[in-house]
Amino acid sequence: MSTKHDKIIIAIDGFSSCGKSTFAKAIAARLGYIFIDTGAMYRAVTLYALEHGAIHSGIVDEDAVVRLLKEIQITFRFNPERGASDIYVNGDRVEGKIRTIEVSNCVSAVSAIGEVREMLVRMQQEMGRRKGVVMDGRDIGTVVFPDAELKIFMTADPKVRAQRRYDELTAKGDNVSLEEIEQNVRDRDYQDMHRAISPLRQAEDAIVLDNSHMTVEEQMTWVMERIEALQQA
Ligand code: DC
């Protein structure tokens, strides 16, 4: 049983471009919790691998990625302007560089490497040790925090998700096509669900949130009702 004053762990898993991070960030702000975007950690390792010769023409050299791991230091620092933490690799802020289509196309392959997952899962568990965190990813409720007090599995129509990511990237000035984005969304869904280690799946005790036709406000109402119910149980 938890009371209003007990901090909990909120695990949010689901498909790519479902708005997990936006949602997780809003919940964390409402509760005064720490928000951790674990996808950013897999993206940061992928960016480093791209910049250090471990990925050629989209082909990931797994051994080379594993060799690089010992020189990668990932840290987060709160950025008040974004209301969330920025991710740093070896002291360099990479927040703006990890969401390109190039990184998106390689990140599923990098995140399928066992040693990469071991390193990042260990870091994530350490970050959640004191609770009071909202963590989003693919394996948070199943592997990272199987005992999380609240587990949410997010999903939305792939076409809606592709449109959202397209709007996000074109607003930043990226020159991408909607077809290319939709293909990437579908490919990543497949790869994330079918990898050998920690595939994306719904934890048995997770509650499903399909936000294809929901605003962020509606999602907040939905989740706050569940958090309150949990605290009164
Ligand atoms: O949430 P995102 O799209 O930024 O995540 C990028 C990739 O990282 C995604 O394709 C799968 C991988 N990932 C993972 O394997 N496990 C996590 N906990 C988070 C992300």
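Refer to the structure above for everything that follows.
Residues numbered from 1 in each chain as written. Predicted model: local features only at pLDDT ≥ 70, side-chain atom pairs only at ≥ 80, totals over all residues. Heavy atoms only, no water.

Undergrad: Could you clarify how one ought to interpret the pattern of salt bridges in this entry?
TA: Pairing is possible between side chains that carry opposite charge, provided their charged atoms lie close to one another. Within the structure shown, the criterion is met by 15 salt bridges. Lys131 is the salt-bridge partner of Glu149, the closest N and O atoms lying 2.4 Å from each other. One end of the pair, Glu149, is in the loop between α6 (140-144) and β9 (150-155); the other, Lys131, is in the loop between α5 (114-127) and β8 (133-137), and 18 residues separate them in sequence. Overall, Lys131 belongs to the partly exposed group, its relative accessible area being 34%. Where Asp205 meets Lys151, a salt bridge forms, and the shortest distance between an N and an O atom there is 3.1 Å. (Salt bridge = Lys/Arg side-chain N within 4 Å of Asp/Glu carboxyl O. Helix = DSSP H or I, 4+ residues; strand = E, 2+ residues; numbered from the N terminus. Buried < 20%, exposed > 50% of the residue type's maximum accessible area, 1.4 Å probe, protein only.)

Undergrad: Can you walk me through the environment of Pro199 in this structure?
TA: Structurally, Pro199 is set in the loop between α8 (178-194) and β10 (207-210). Relative accessible area serves as the criterion here: at 24%, Pro199 is assigned to the partly exposed category. Along the chain, Pro199 and Val143 lie 56 residues apart, while their C-alpha atoms are 9.8 Å from each other.

Undergrad: Even after reading the chapter, I still don't get the sheet that holds strand β7 (residues 92-93), so can you show me in this structure?
TA: Consider a sheet: its strands pair through backbone hydrogen bonds, and that pairing is either parallel or antiparallel. Strand order in the open sheet made by the 3 strands is β5-β6-β7, with antiparallel pairing throughout. The open sheet is flanked by β5 (74-79) and β7, the only strands paired with a single partner. Direction of pairing for β5 relative to strand β6 (residues 84-89): antiparallel, over a ladder of 6 bridges. Across the sheet, Arg77 pairs through a bridge with Asp86, a residue of β6. (Pairing = 2+ DSSP bridges.)

Undergrad: Mind showing me how you'd approach a negative patch on the surface here?
TA: Together, Asp61, Glu62, Asp63, Glu115 and Glu118 make up a region of like negative charge exposed at the surface. When contributions to the negative patch are tallied by element, the ones reaching two or more residues are α3 (62-69) and α5. On the secondary structure map, Glu115 appears in helix α5. A relative accessible area of 40% means that Glu115 is categorised as partly exposed. (Patch = residues over 30% accessible without salt bridge, like charges linked within 9 Å, V, L, I, M, F, W, Y side chains within 5 Å. Areas by Shrake-Rupley, 256 points an atom, 1.4 Å probe, with all protein chains shown as cover. Lys, Arg positive; Asp, Glu negative; His and termini not counted. Charge placed at Lys NZ, Arg CZ, Asp CG, Glu CD.)

Read these as spatial facts, not as claims about activity.
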